[in-house]
Amino acid sequence: MIRMLHVFYSLECQLFQKVNRHFDRKPLNLFFRSVTHLGGADITIAATFLLIFLSSGEARLTAFASALALSVSHIPVHIVKQLFPRKRPYLMIEKTKTHKNPLQDHSFPSGHTTAIFSIVTPYFLSIPQLSFMLIPLGICVGISRIYLGLHYPSDVIAGGILGTVTGSLCFCLLCN
C-alpha cells in the first residue's frame, strides 16, 4: 500500500511538473494568472450576489443554489485542509515556478477549484447548453492552480469533485 502511494505521488509530481514548467511563457502566464481569480473569494462571492440580484424566477433560484453551494462547499474544504495538512508543491518540489508571495496554507483540496465548480454546477444542471462553456471554465481554473505552482493535480481533482457534488446537492435541494 505504501509503495502504491509513493508511485502515485511520483506520477502526480511528474504531471505537476509538466504543467508548471510552462510558467515562463507570457501568453500562458497572462491567461492562467487571470483565470485563476475566477475561483477566488472576491470574484465568486461577487458573481453569485450579482446573479441573485439581476435574475428572477427560476434563474434566481439557480443563483441561490449557486450561492448556497459556494457557502456550503467551503466547510468541507476547511475541515479536509485541517485533517490532511499537505504542503503546497512549491514547498516540496524543487524548481517549482511560482509567483511572489504564494499561499501558505495547506493545499488539499483546492479551494479555488471547489468554489468555481460549486457555483457553475447549478447553472449547467439548470441550463445544460451552458455546459460547453462552464465546464471548461472550471477546468481552466483548476489547471491554473497547478500551473501557478500552488496545487497538485489531486488537490484540483478533489476540489472539482467536492464543488460538483455540493453544487448538485444544492441544486436538487432548491430547484427540484
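As a reminder, the structure under discussion sits directly above these lines.
Each chain has its residues counted from 1, running along the sequence as written. In keeping with the model being predicted, local features are shown solely for residues with a pLDDT of at least 70 and side-chain atom pairs are shown and tallied solely at 80 or more, while totals for entire chains, interfaces and linings include all residues. As a convention, hydrogens and water are excluded, and side-chain values are obtained from all of the structure's heavy atoms.

Time to look at the overall build of the chain. Along the backbone of the chain there are 8 helices and 0 strands. For the chain, the N- to C-terminal ordering of α and β elements is α-α-α-α-α-α-α-α. Viewed in the frame of its principal axes, the chain has a C-alpha envelope of about 50 × 40 × 25 Å. What makes two residues a contact is simply this: any of their non-hydrogen atoms within 4.5 Å. Taking all contacts inside the chain whose residues are at least 6 apart in sequence as the whole, residues at least 24 apart take part in 80%. Per-residue and other accessible areas follow the Shrake-Rupley method at a 1.4 Å probe size, with only the shown protein chains counted as cover for residues. A total of about 10000 Å² of accessible surface is found on the chain, and carbon and sulfur atoms cover 71% of it. Positive charges come from Lys and Arg alone, negative charges from Asp and Glu alone, with His and the N- and C-terminal ends not counted. Every charge is mapped onto a representative atom, which is NZ of Lys, CZ of Arg, CG of Asp or CD of Glu. For the chain, the distance from the average site of its 15 positive side-chain charges to the average site of its 7 negative ones is 7 Å. Only DSSP runs of H or I covering at least 4 residues are called helices, and only runs of E covering at least 2 are called strands; the numbering of each starts at the N terminus.

Most peptide bonds take the trans form, and the phi angle of most residues other than glycine is negative. Here the amide bond leading from Phe 108 into Pro 109 is cis, since omega sits at -10°, within 30 degrees of zero. Positionally, Pro 109 belongs in the loop between α5 (89–92) and α6 (111–126).

What follows concerns the nonpolar core. Throughout this description, the term nonpolar core refers to a set of buried Ala, Val, Leu, Ile, Met, Phe, Trp, Tyr and Cys residues connected via side-chain atoms within 4.5 Å. Note on classification: 1.4 Å probe, protein chains only; a residue is buried when its accessible area is under 20% of the maximum for its type, exposed when over 50%, partly exposed between these limits. Ranked by size, the top nonpolar core spans 20 residues in total, and within it Ile 116, Ile 119, Val 120, Leu 134, Tyr 147 and Leu 148 carry the most contacts. Within the residue set of this core, elements represented by two or more residues are α2 (26–35), α4 (57–83), α6 and α7 (131–147). With 6 residues, the next largest nonpolar core counts Cys 13, Ile 146, Tyr 152 and Val 156 among its residues.

Attention now goes to the environment of Met 133. Mapped onto the secondary structure, Met 133 falls in helix α7. For the pair formed by Met 133 and Val 120, sequence separation is 13 residues and the distance between their alpha carbons is 9.8 Å.

Tracing the backbone shows Ser 154 in helix α8 (residues 153–175). Non-local contacts of Ser 154, meaning those with residues more than four positions away in its chain, are made with Phe 8, Glu 12, Arg 86 and Phe 108.

Attention shifts here to the packing of aromatic side chains. A pair of Phe, Tyr and Trp rings is counted when the ring centres sit within 6.5 Å of each other, with Trp represented by its six-membered ring. The angle between the planes then sorts it: under 30 degrees is stacked, over 60 is edge-to-face, the rest tilted. Applying the stated rule across the entire model yields 7 aromatic pairs. Geometrically, the ring pair formed by Tyr 9 and Tyr 152 is tilted, given 5.7 Å between the ring centres and 55° between the ring planes. Separated by 143 residues along the polypeptide, Tyr 9 in helix α1 (residues 2–20) and Tyr 152 in the loop between α7 and α8 bring together distant segments of the chain. Taken together, a centroid distance of 5.1 Å and an interplanar angle of 65° make the contact between Phe 31 and Phe 32 edge-to-face. Through successive ring pairs, a cluster of aromatic residues spans Phe 23, Phe 31, Phe 32 and Tyr 147. By the criterion adopted, a ring carries a charge over it if an Arg CZ or a Lys NZ lies within 6 Å of its centre and within 35 degrees of its normal. A cation over an aromatic ring shows up here: Arg 86 above the ring of Tyr 152, its NZ or CZ 3.9 Å from the ring centre.

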